[in-house]
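# Observations on the three-dimensional arrangement
Here is how the chains run, residue by residue.
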Amino acid sequence: MASAPTSKYNSHSLENESIKRTSRDGVNRDLSETVPRLPGETRITDKEVIYICPFNGPIKGRVYITNYRLYLRSLETDSALILDVPLGVISRIEKMGGATSRGENSYGLDITCKDMRNLRFALKQEGHSRRDMFDILTRYAFPLAHSLPIFAFLNEEKFNVDGWTVYNPVEEYRRQGLPNHHWRITFINKCYELCDTYPALLVVPYRASDDDLRRVATFRSRNRIPVLSWIHPENKTVIVRCSQPLVGMSGKRNKDDEKYLDVIRETNRQISKLTIYDARPNVNAVANKATGGGYESDDAYHNAELFFLDIHNIHVMRESLKKVKDIVYPNVEESHWLSSLESTHWLEHIKLVLTGAIQVADKVSSGKSSVLVHCSDGWDRTAQLTSLAMLMLDSFYRSIEGFEILVQKEWISFGHKFASRIGHGDKNHADADRSPIFLQFIDCVWQMSKQFPTAFEFNERFLITILDHLYSCRFGTFLYNCESARERQKVTERTVSLWSLINSNKDKFKNPFYTKEINRVLYPVASMRHLELWVNYYIRWNPRIKQQQPNPVEQRYVELLALRDEYIQRLEELQLAGSAKLAEPSTSPAGPSPMMPHVHTHF
């Protein structure tokens, strides 16, 4: 089996379930193809199995397992089914049936995936075939439990663009006009001594010394002090992020923290109070006092105004997504669809996250007040709110590279715990730290793109590709919990960036209707009537739910753009030819002078 020099792997559709007729000679043409392999991907084993397809019944096939993927090809003459599943997507592997199982196809493996599907394989009871497959899958799907490297460290793909150069914090802050007279860049955290989950480079008030920052850090959970995320180019109000203050049951105060928040308030010479958005429900924030946390009270922070946004914690979000999976896979119950969807509360949570981000964006856009955002530790709900508000306020983040910078900055560099929330290479599927916080953010972005179809340079495929590789472990982009851990593991030197894949083939991910607009603020409607379940992501594995075909208007528009480019190229060629003729010495002075060809186009 030859290793393919370039990847045939299509992340937009990780599974291709199509039932097709074979050719007249009865040969399944798919069987002649090699199993796709990435550079650095090695075959471990292959085995004959029965795939218990929830949509088309049992299908006999051969499963190939590599150190990166599980690949199944049908062996039946009337089926061309292919499954292509990165092992990083697997959450749990269980044995089904025992030695005494007598039912047909009742003995085998049950595989739970992180991307809204399950896989079931029946195997022969003799010859330890199940044990072998279980051991190999467990070993390579959960490499951390077996002292093996995650596949991203073995991936040898080469792209013509280096995605690791996309985000440079100094350049991004310079784009925002920073540093200025009120805000400075500090390297106090360059060795991650102030806060081990923050990036090395931070933007803080000019009037706050590094010693002030150290004192403030003692009063903020995990030392995550208030630092600047974004500044408004005109009114100079800012979005600042941090973690909860360590107030505790006794109502402790910290004069340095109180003074620091006042300095932030005064940076744009505002006379109104600093607005603090606490992402949590009020009752949760009060309960956090029992574990040493809390919130900014009126009597301690006289010049601040506090609002609770009622967004629930990671555990509530995890249970909500489980309920979504129950109603979309494998079967969609049409008769009770709306009540079933409502019972998951998923869209309700999407609504609350969007509503909170709208409030942050509106407050900053109005110029009335700077905004401080936090939740408990400042790496889950805080990242959702700051990044969505920045997406609404700043059109730069709505471009492909701008969005990549937004994700690198607000999520990856500021310590969203990707390793804990996703569980890369980890077998502990019941870990209470697992939660779909980043998926929820991408869902919110998709909701915005539906309401503003011309505002985003990227398309739906771009968002789905990001989510697929959030789990796949093919790239180093989402590995580990924070920047300091990535530096220790030399992730940028030893792995490939997801942005390399995307930016080397941008046309696949472009929205043809994109219209670049500067300084347009987007305010999505966050009412339940305007939000919808993202069918092309959550229900994409079900062949009976007709996938939304490309919009015919969009298709025609793409064709017209290609035609326009063709005409422009032809025009340039004719102009060059005409220029060359004009430059030639005239052999017949009495003859008419050469004329520039006149080209008519529809554009």
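Residues numbered from 1 in each chain as written. Predicted model: local features only at pLDDT ≥ 70, side-chain atom pairs only at ≥ 80, totals over all residues. Heavy atoms only, no water.

### Observations concerning the overall build of the chain
Within the chain, the secondary structure is distributed over 18 helices and 15 strands. Relative to its full complement of 603 residues, the chain shows a buried share of 53%. Considering only contacts within the chain whose residues lie at least 6 apart along the sequence, 73% involve residues at least 24 apart. Surface exposure of the chain reaches about 27,500 Å², of which carbon and sulfur atoms provide 50%. (Helix = DSSP H or I, 4+ residues; strand = E, 2+ residues; numbered from the N terminus. Buried < 20%, exposed > 50% of the residue type's maximum accessible area, 1.4 Å probe, protein only. Contact = heavy atoms within 4.5 Å. Areas by Shrake-Rupley, 256 points an atom, 1.4 Å probe, with all protein chains shown as cover.)

### A few points about the packing of helix α9 (residues 381–393) against helix α12 (residues 437–451)
Taken N-terminus to C-terminus, the directions of α9 and α12 make an angle of 20 degrees; their axes are 10 Å apart at the nearest point. Our classification of the angle between α9 and α12 gives roughly parallel. For the pair α9 and α12, the sense of crossing is right-handed. Between α9 and α12, the residues in contact are Q384, S387, L388, L391 and M392 and I437, Q440, F441, C444, V445 and M448, respectively. Here the contact of α9 with α12 is built from residues that sort into eight nonpolar, three polar and no charged. (Axes fitted to C-alpha atoms, helices over the stretch in contact; angles between N-to-C directions. Parallel < 35°, antiparallel > 145°, perpendicular 65-115°, else oblique. Left-handed = near helix turned anticlockwise from the far one by under 90°. Nonpolar A, V, L, I, M, F, W, Y, C, P; charged D, E, K, R; others polar.)

### A few points about the sheet that holds strand β11 (residues 227–231)
The sheet built from five strands is open, its strands ordered β11-β12-β15-β13-β14 with mixed pairing. Each of the sheet's edge strands pairs with one partner strand only, and the pair in question is β11 and β14 (304–308). Shown here is a sheet whose adjacent strand axes are inclined to one another by a mean of 25 degrees, direction ignored. Across five bridges, strand β13 (residues 274–278) lies against β14 in parallel orientation. Across the sheet, residue L274 finds its bridge partner in β14, namely A304. (Pairing = 2+ DSSP bridges.)

### Here's the deal with the confidence of the model for the chain
For the chain, mean pLDDT is 90; residues scoring 70 or higher make up 90% of the total. With pLDDT under 50 throughout, residues 591–597 is counted as low confidence; its partners more than four residues away or in other chains account for six contacts. The low-confidence segment residues 599–603 (pLDDT under 50) makes eight contacts with residues lying over four places distant or belonging to another chain. (pLDDT = per-residue confidence, 0-100.)

### Quick word on the UniProt feature "binding site: substrate" (unreviewed entry) in the chain
Per the UniProt record, the feature "binding site: substrate" (unreviewed entry) sits at N313, I314, C375, S376, D377, G378, W379, D380 and R381. Taken together, the annotated residues stretch across 69 residues yet fold into one region, lying no more than 12.4 Å apart by C-alpha. Tracing the sequence through the fold places C375 in the loop between β15 (371–374) and α9. Excluding residues that lie within four positions of it along the chain, C375 makes contacts with C242, Q244, D278, A279, R280, D380, R381 and T382. Inspection of the secondary structure puts S376 in the loop between β15 and α9. (UniProt positions renumbered as here; feature names shortened; annotations may be inferred.)

### Focus: the nonpolar core
Inside soluble globular proteins, nonpolar side chains tend to come together where they are buried. Among the nonpolar cores identified, the biggest contains 116 residues, and F121, L137, F403, F438, I466 and Y538 are the most heavily contacted of them. Here this core takes 10 residues from helix α8 (residues 346–366), the largest share from any one element. Each of domain 1 (43–141) and domain 2 (169–542) contributes no fewer than three residues to this core. If we ignore the near neighbours within four places in the chain, the residues touching I466 are F403, F438, I442, F478, L498, W499 and I502. (Core = buried A, V, L, I, M, F, W, Y, C linked by side-chain atoms within 4.5 Å. Domains from an automatic or database assignment.)

### Some details on the side chain of R220
Note that R220 resides in the loop between α3 (210–217) and β11. What makes R220 buried here is its relative accessible area of 0%. Setting aside its immediate chain neighbours within four residues, R220 contacts I225, P226, C242, S243, Q244, P245, L246, D257, L261, E296, Y301 and H374.

### Section: the side chain of T477
Among the secondary structure elements, T477 is positioned in the loop between α13 (460–472) and α14 (483–488). Residue T477 is classed as buried on the basis of its relative accessible area, which comes to 1%. Within the structure, the side chain of T477 is placed 2.8 Å from the backbone nitrogen of L498, a separation counted as a polar contact. Excluding residues that lie within four positions of it along the chain, T477 makes contacts with W164, Q408, I412, R486, V496, S497, L498 and W499. (Polar contact = N/O pair within 3.5 Å; in protein donor to acceptor, adjacent residues only side chain to side chain.)

### A look at the state of the cysteines
Per the stated rule, a full pass over the model turns up zero disulfides. Residue C375 stays outside any disulfide, its sulfur separated by 9.1 Å from that of C242, the closest cysteine. (Disulfide = S-S within 2.5 Å.)

### Structural notes on the pattern of salt bridges
For the coordinates displayed, the defined rule picks out 39 salt bridges. Close ionic contact of R434 with D426 constitutes a salt bridge, the shortest N to O distance being 3.7 Å. One salt-bridge network, held together by shared partners, links R43, D46, E48, K60 and R62. (Salt bridge = Lys/Arg side-chain N within 4 Å of Asp/Glu carboxyl O.)

### Description of α3
Within α3, the full set of buried residues consists of D212, L213, V216 and A217. Burial along α3 is one-sided: seen end-on, the buried residues are contained in an arc of 140 degrees. (Arc of directions from axis to C-beta.)

### A word on the packing of aromatic side chains
With the rule as written, the count across this model stands at 25 aromatic pairs. Both rings, one in F403 and one in F441, keep their centres 5.9 Å apart while their planes meet at 0 degrees; by these two values the pair is stacked. Of the two residues, F403 sits in helix α10 (residues 400–413) while F441 sits in helix α12, which places them 38 residues apart along the sequence. Classification of F403 by relative accessible area gives buried; the value is 0%. Overall, the relative accessible area of 0% leaves F441 in the buried class. (Phe/Tyr/Trp six-rings, centres within 6.5 Å; stacked < 30°, edge-to-face > 60°.)

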